[in-house]
Amino acid sequence: MEEKHKMGIFSTLISVVIAFAIVLVLFYGLNHLIMGMQGLPLNVDLTPAG
Amino acid sequence: MMHSKFAKLFPMSLLLMLLFLGITAPVQATDPGTGSVADRIAPVGQVQLTGEPPLETESEVAAVEESVEPRAAPTPSRSDYPDIGVSSRAIVWVLAQLHLFFGALVLAVPLFVLIIELVGLFTGDERYDDMAHEFMKISLTGFSITAILGGSLALVLFLLYPDFMAYMMRVFGAQWLVYAGLFFFESFFLYTYYYGWNAFRYGNRKWVHLSLGLMLNASGLTIMVLANSWATFMMAPSGVNEVGAVVGNIWEVMKGPLWNPINLHRFIANIAFGGAVVGAYAAFKFLSSSDPEKRAHYDWMGYTSNFIAILAFLPLPFAGYWLMAEIYAYSQQMGITAMGGILAWLFIVQAVLIGTILLAGNFYLWAGMSRTDGSERYKWLVKFIALVLVVTFLIWVTPHSLILSASEISQLGGSHHHILGPLGIMPAKNIAVNLMLIVTFLSFQLYRRSDKVATVRWAPAGNALMVAIYVVAIANIIFLGVYYGYFTNTVYKVGSSVAQVASTLVVIISGIVIDTLMFRNAKILPSHWGRIPDRAQYALFALPIAFTWLMGLMGYVRSSVKTHWHVYTVMKDNSPDNFIPTIAYAGNMITIVTVLFLLCVLFMFWVANLSGTRQVKPAAEGGAA
Amino acid sequence: MKVLFKTLGFSLGLTLVFTLVTYLLPQMKGEAPVEKQVDLGSLTMDDFVALGEDLFNNKGTCTLCHKPPPLGRAPDIQGENMVALSAKRLADERYQGEAKDAAGYIMESMLDPSRYVVATWGKKGSNDSESPMPVIDKAPIQLSSMEMDAITAYLQAKDGNEVTVALPTAEAAAEVSAAPAGGSASAPAPAATADEAMAKYACLSCHAMDSKDALVGPGLVDVGGRLTPEEIRQSILDPNAVMVEGFPPAMPADFGTKMTVNELQMIVSFLAEKKG
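Source: prediction; values computed, not measured.

It is worth spelling out the overall build of chain B at this point. The secondary structure content of chain B amounts to 21 helices and four strands. The 625 residues of chain B split such that 55% are buried. Counted over contacts in chain B with a minimum sequence separation of 6, partners at least 24 positions apart contribute 84%. Of the roughly 27,100 Å² of accessible surface on chain B, 67% is carried by carbon and sulfur atoms.

Next up on the list: the overall build of chain A. When helices and strands are tallied, chain A shows one helix and zero strands. Accessible area of chain A: about 3,600 Å², with a carbon and sulfur share of 76%.

With that out of the way, let us pick up a nonpolar patch on the surface. All names here are of chain B. Taken together, the side chains of Trp458, Leu505, Ile509, Val513 and Leu517 define a hydrophobic patch exposed on the protein surface, amounting to about 440 Å² of accessible area. Along the polypeptide, Val513 turns up in helix α19 (residues 490–518). Val513 gets classed as partly exposed once you look at its relative accessible area, which sits at 44%.

All names here are of chain B. Within helix α6 (residues 162–172), the full set of buried residues consists of Phe164, Met165, Tyr167, Met168, Val171 and Phe172. Seen along its axis, α6 keeps its buried residues to an arc of 160 degrees; they face one direction. Check the buried side of α6 and you find it contacts α5 (126–160), α7 (175–195), α8 (203–235), α9 (250–254), β3 (565–567) and β4 (571–572). Gly173 lies just past α6 and shows a positive phi near 50 degrees.

Taken together, the contact between chain B and chain A spans 22 residues of the former and 20 residues of the latter. The junction of chain B with chain A conceals about 1,700 Å² of combined surface from both sides, 81% of it contributed by carbon and sulfur atoms. When the buried surface of chain B facing chain A is broken down by residue, Val472, Tyr484 and Tyr492 of chain B rank first, second and third, together holding 30% of it. Counting across the interface, chain B meets chain A through zero salt bridges.

We now examine the environment of Val397 of chain B. Residues and elements named next belong to chain B. Following the sequence through the fold, Val397 ends up in helix α15 (residues 379–397). The sequence separation of Val397 and Leu15 amounts to 382 residues, and the corresponding C-alpha distance is 46 Å. For Val397, the contacting residues outside a window of four places in its chain are Ile348, Ala351 and Val352.

Tallying the contact residues gives 64 residues for chain C and 70 residues for chain B. Between chain C and chain B the total buried area reaches about 5,900 Å² when both faces are included, carbon and sulfur atoms providing 70% of it. On the chain C side of the contact with chain B, Phe18, Met28 and Pro140 of chain C bury the most area, a combined 11% of that side's loss. The tally of links from chain C across to chain B stands at one salt bridge. At the junction of chain C and chain B, the tally comes to six residue pairs in polar contact (both at pLDDT 80 or more). Listed by contribution, the elements that provide at least two residues to the side of chain C that touches chain B are α1 (2–24) and α7 (194–200) of chain C. For the side of chain C that touches chain B, the element with the highest residue contribution is α1 of chain C, accounting for 15 residues. Classifying every residue of the side of chain C that touches chain B by side-chain character gives 38 nonpolar, 16 polar and 10 charged.

Another point: the packing of α5 of chain B against α6 of chain B. Residue and element names in this part refer to chain B. At a minimum axis separation of 5 Å, α5 and α6 run at an interaxial angle of 115 degrees. With respect to α6, the axis of α5 lies roughly perpendicular. Here α5 contributes Leu157, Phe158, Leu159 and Leu160 to the contact with α6, which in turn contributes Pro162, Met165 and Met169. Split by residue class, the contact of α5 with α6 holds seven nonpolar, no polar and no charged.

With respect to the element layout, Gln537 of chain B can be found in helix α20 (residues 535–560). Setting aside residues no more than four positions away along its own chain, Gln537 of chain B makes contact with Ala283, Phe286, Leu287, Asp299, Tyr364 and Ile532 of chain B.

The next point concerns the nonpolar core. Grouped together as the largest cluster of nonpolar side chains are 212 residues, with contacts concentrated most on Phe112, Phe135, Met136, Tyr167, Phe172, Phe233 and Tyr556 of chain B. Per-element accounting of this core gives the leading share, 20 residues, to helix α4 (residues 88–123) of chain B. Leaving out residues up to four positions away in the same chain, Tyr556 of chain B has contacts with Trp93, Leu343, Leu346, Ile580, Pro581, Thr582, Ile583 and Ala586 of chain B. Core analysis: the second largest hydrophobic core is formed by 25 residues, Phe48, Phe56, Ala150 and Ala153 of chain C among them.

Let us now look at the packing of aromatic side chains. Scanning the entire structure with this criterion turns up 42 aromatic pairs over all chains. Here a set of aromatic residues connected by ring pairs shows up, and it is made of Tyr167, Phe172, Trp176, Tyr179, Phe183, Trp230 and Phe233 of chain B. Seen from the ring of Trp300 of chain B, Arg127 of chain B lies directly overhead, with NZ or CZ sitting 5.1 Å from the centre. Seen from the ring of Phe579 of chain B, Lys29 of chain C lies directly overhead, with NZ or CZ sitting 4.3 Å from the centre.

Time to look at unusual backbone geometry. Comment: phi is negative for the bulk of residues other than glycine, and the bulk of peptide bonds are trans. A cis amide bond, omega 5 degrees, links Ala139 of chain C with the succeeding residue Pro140 of chain C. Residue placement: Pro140 of chain C occurs in the loop between α4 (102–111) and α5 (145–157). Non-glycine residue Asn521 of chain B carries a positive phi angle of around 55 degrees. Within the secondary structure, Asn521 of chain B sits in the loop between α19 and β2 (523–524).

Disulfides are covalent bonds that connect the sulfur atoms of two cysteines. What the rule picks out here adds up to zero disulfides over all chains. The closest cysteine sulfur to the non-disulfide-bonded Cys65 of chain C is located on Cys62 of chain C, 9.2 Å from its own sulfur.

Time to look at the pattern of salt bridges. In this structure the tally under the stated criterion is 22 salt bridges over all chains. Asp130 of chain B serves as the salt-bridge partner of Arg201 of chain B, at 3.5 Å between the closest nitrogen and oxygen. A residue pair is termed long-range when its members are at least 10 positions apart, and Arg201 of chain B in the loop between α7 and α8 and Asp130 of chain B in helix α5 qualify at 71 residues. Taking the shortest distance from any N to any O, the salt bridge between Arg115 of chain C and Glu98 of chain C comes out at 3.2 Å. Of this pair, Arg115 of chain C sits in the loop between α4 and α5 while Glu98 of chain C is found in the loop between α3 (82–91) and α4, placing the two residues 17 residues apart along the sequence.

A few words now on the side chain of Thr19 of chain C. All names here are of chain C. Take Thr19: it is sitting in helix α1. Of the residues examined, Thr19 reaches a relative accessible area of 4% and is grouped as buried. A distance of 2.7 Å separates a polar atom in the side chain of Thr19 from the backbone oxygen of Thr15.

All names here are of chain B. Position of Phe597 relative to the elements: it lies in helix α21 (residues 583–610). Owing to a relative accessible area of 4%, Phe597 belongs among the buried residues under this scheme. In this structure the C-alpha to C-alpha distance between Phe597 and Asp125, which are 472 residues apart in sequence, comes to 34 Å. Those residues within four positions of Phe597 in sequence are excluded, and the remaining contacts are Leu98, Phe101, Phe102, Phe273, Val277 and Thr548.

This part takes up the confidence of the model for chain B. Residues and elements named next belong to chain B. The share of residues in chain B with pLDDT of 70 or more is 86%, and the mean pLDDT across the chain is 88. Looking across chain B, the model is least confident in helix α3 (residues 58–68), with a mean pLDDT of 52, and most confident in α8, with 97. Overall fold confidence for the complex sits at a pTM of 0.78, while the interface term, ipTM, reaches 0.88.

Glancing now at the packing of α8 of chain B against helix α10 (residues 259–288) of chain B. Residues and elements named next belong to chain B. Running from N to C, α8 and α10 point in directions that differ by 130 degrees, and their axes come no closer than 9 Å. When the axes of α8 and α10 are compared, the pair comes out oblique. Where α8 crosses over α10, the handedness of that crossing is right-handed. Contacts between α8 and α10 pair Leu221, Met224, Val225, Asn228, Ser229 and Thr232 from the former with Trp259, Ile262, Asn263, Arg266, Phe267 and Asn270 from the latter. Class assignment of the residues belonging to the contact of α8 with α10 gives a composition of six nonpolar, five polar and one charged.

Procedures and definitions
- Residues numbered from 1 in each chain as written.
- Chains lettered and ligands numbered in written order.
- Predicted model: local features only at pLDDT ≥ 70, side-chain atom pairs only at ≥ 80, totals over all residues.
- Heavy atoms only, no water.
- Helix = DSSP H or I, 4+ residues; strand = E, 2+ residues; numbered from the N terminus.
- Buried < 20%, exposed > 50% of the residue type's maximum accessible area, 1.4 Å probe, protein only.
- Contact = heavy atoms within 4.5 Å.
- Areas by Shrake-Rupley, 256 points an atom, 1.4 Å probe, with all protein chains shown as cover.
- Patch = residues over 30% accessible without salt bridge, like charges linked within 9 Å, V, L, I, M, F, W, Y side chains within 5 Å.
- Salt bridge = Lys/Arg side-chain N within 4 Å of Asp/Glu carboxyl O.
- Arc of directions from axis to C-beta.
- Buried area = accessible area lost by both parts, 1.4 Å probe.
- Polar contact = N/O pair within 3.5 Å; in protein donor to acceptor, adjacent residues only side chain to side chain.
- Nonpolar A, V, L, I, M, F, W, Y, C, P; charged D, E, K, R; others polar.
- Axes fitted to C-alpha atoms, helices over the stretch in contact; angles between N-to-C directions.
- Parallel < 35°, antiparallel > 145°, perpendicular 65-115°, else oblique.
- Core = buried A, V, L, I, M, F, W, Y, C linked by side-chain atoms within 4.5 Å.
- Phe/Tyr/Trp six-rings, centres within 6.5 Å; stacked < 30°, edge-to-face > 60°.
- Lys NZ or Arg CZ within 6 Å of the ring centre and 35° of its normal.
- Disulfide = S-S within 2.5 Å.
- pLDDT = per-residue confidence, 0-100.
- Left-handed = near helix turned anticlockwise from the far one by under 90°.

Listed below in structure tokens is the structure:
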């Protein structure tokens, strides 16, 4: 039972971390896309390019 | 039902609707550019040299010259404006604003009524159909009130602004007739849709009924876009030259830079407004009933109305932003007059009103959570949402471009407050408004979830994803606003607001998608319609009052932003009222029209109820004769 | 009934809260520009400069955009020494206009703002090639040449520089005041360019300028090659004298009384250049 419980927390943590990772990438890409579409390119660190 | 042969009527009606919209396009003003030259001038194509006797075509010459000479806009002097002893502008203001209130209402109601009727059809639940029917019933009188106000408005405009109206008639030509003709169609579809409700209830006839509703909406929408073109022409004229002579066809006159932004903005705003007004009806009936079944019914009706109002309200700031952007693009001067000049304070009042709307809408959702036991799990979030709403509202209300006297500047220590100043500019306000919309959607989402328990296996992952989306979106909006708003140049600052909006939309869309998928075959917890504190119903009154007042305020902006012009840059306003009134004066006018609207709506609801009552025949106890 | 009173009371109360908010704000009235009588006989240069300052702050609506940073959406010309600044601008390699001195530069900025756009102030996306500034002698601002001279004088005088514009003369004033009585500056001032004149007299309503297409009248893209300037002048002043075959006698015959000599000359010169 305890094993399962520990595993449960671990898997929740994993899923949260993975979820955040995916979403961060998603919004990072969104920023580049939306700013780029308007003719406002960004550098990799999201500072204005050019 | 889907395959009945009369279901073909539905797409056919769609085609008819497109036809209606197409009618407005080819109506041409006097455009002499068609047909071959020879055909056109055959009767008069003769060469006349000096010294020769004049030709007999004198009168035809005069006629042709008359019809093709392009006339500039009139330039009335002050004495040309009729004076009936009362401010002409005030009279037109009251009638026009009331007409717009009711116009918005009667355009909006059939729209969501049709959708609710469709929902009823697809779910098989007749209660939706009955509610749709009831919404139509309570707004029916509104159509004739709209017409009365519109007719009075037209008469008053012709009486008090004859030169302006003569010009508008000339510019829009036959489009006025199209507008008038559409009312025949709208009335036909209104009466058949409403009175035929029970006659066309099931099977193929239901599709006939839905088609009638669709055509009602089509004619209403066309009426609105035609009328919008007059207002947008006055703000940003197109199809005329510098002195106002018509040089384009009717399509060019109508399709100015502001036409579509106004069409979209008014379309969405009408829906929000309509939902709010019928919500007040539901709230009133809820409070007046003691029968638990009736209370349950009106509680559900109120919830639906609030749902419609808030749902339509969420995209509205974006439509408004587009409109302002087009105004700035058309004339920076007009844009600055609106938001950086004399009318700037008005947008602070707008912030107060929108704050009221969002707070009321959210409050109603939180109060509604008491309908379900399953809402207990989410109650802890409410105070955080409330905190965010209050803080963002205060940021939004913070003014920036203050018009200060020299002594005030020295007192303040500069042209802006050194702490609050940075909060008053657009980057901070964009953060504020996007966060307000996100937490409002969160209230929504929590409410929708509170009577369900997910049974899909991936629910924990789905929730993790949802939480991540909220957190990252909020962080992104703040990052975009702070970094690009304060540390980069103007172009990036303005562009970042689009990314903020996109982030908000990601939250809303993903929230809807994830919830739809995650709560498939969910376990439904009991919910008790009618179990909501009475005070929550007042939120359903706050909504339409704030909406109505806001509409009145925006009407003041729309008119004032033209400064002293009837038609901006083309026809000057020389009337005694050609100044922009103070905001207190506008406040009084707006309150007057709001109160009048309130009274008319009360009448409208009362008449609807009246038609359902029947006086009991008195017992004949020596009371004869 | 009790419900009606409570809900009505609440609604009215909330409405009054909103009204109260509007009372608390600074009250401003946006007056329309009013006709002002200027006695040219007794007008001194100081008066003229003061007039210019008044125009700058009011009728000209200049301060809507020309404000000190960070508020301004246009350069802060009240805060800068305009004569020195004009010299710098004229010397800029990007300058492609026709002005030769400060007064000319200021006037050109008003009549054709996009001629030279100060760096970073151009319309977004136009790379400083398009100015967001409206043309000042056109609606909605529509200042007369006298008024623009006054503003120029003000902009020169305010920093102690020499004023190089002349005081307005009675003839120029007579033209402006010949506008219909009772109106404000509602009658269009004399056109300053051929384009303006043609817009004023609505030539484009009947004649295509860039093609041979016949609208009501013949296309004029090659009229300079077909007719001499004298013939063009006659066509405008006395349209029915010689008419192109196949066209209705629809051209207005009263341009002679309506146009100023200058406007007619500009149109004729413009058309004489159009050789297709």
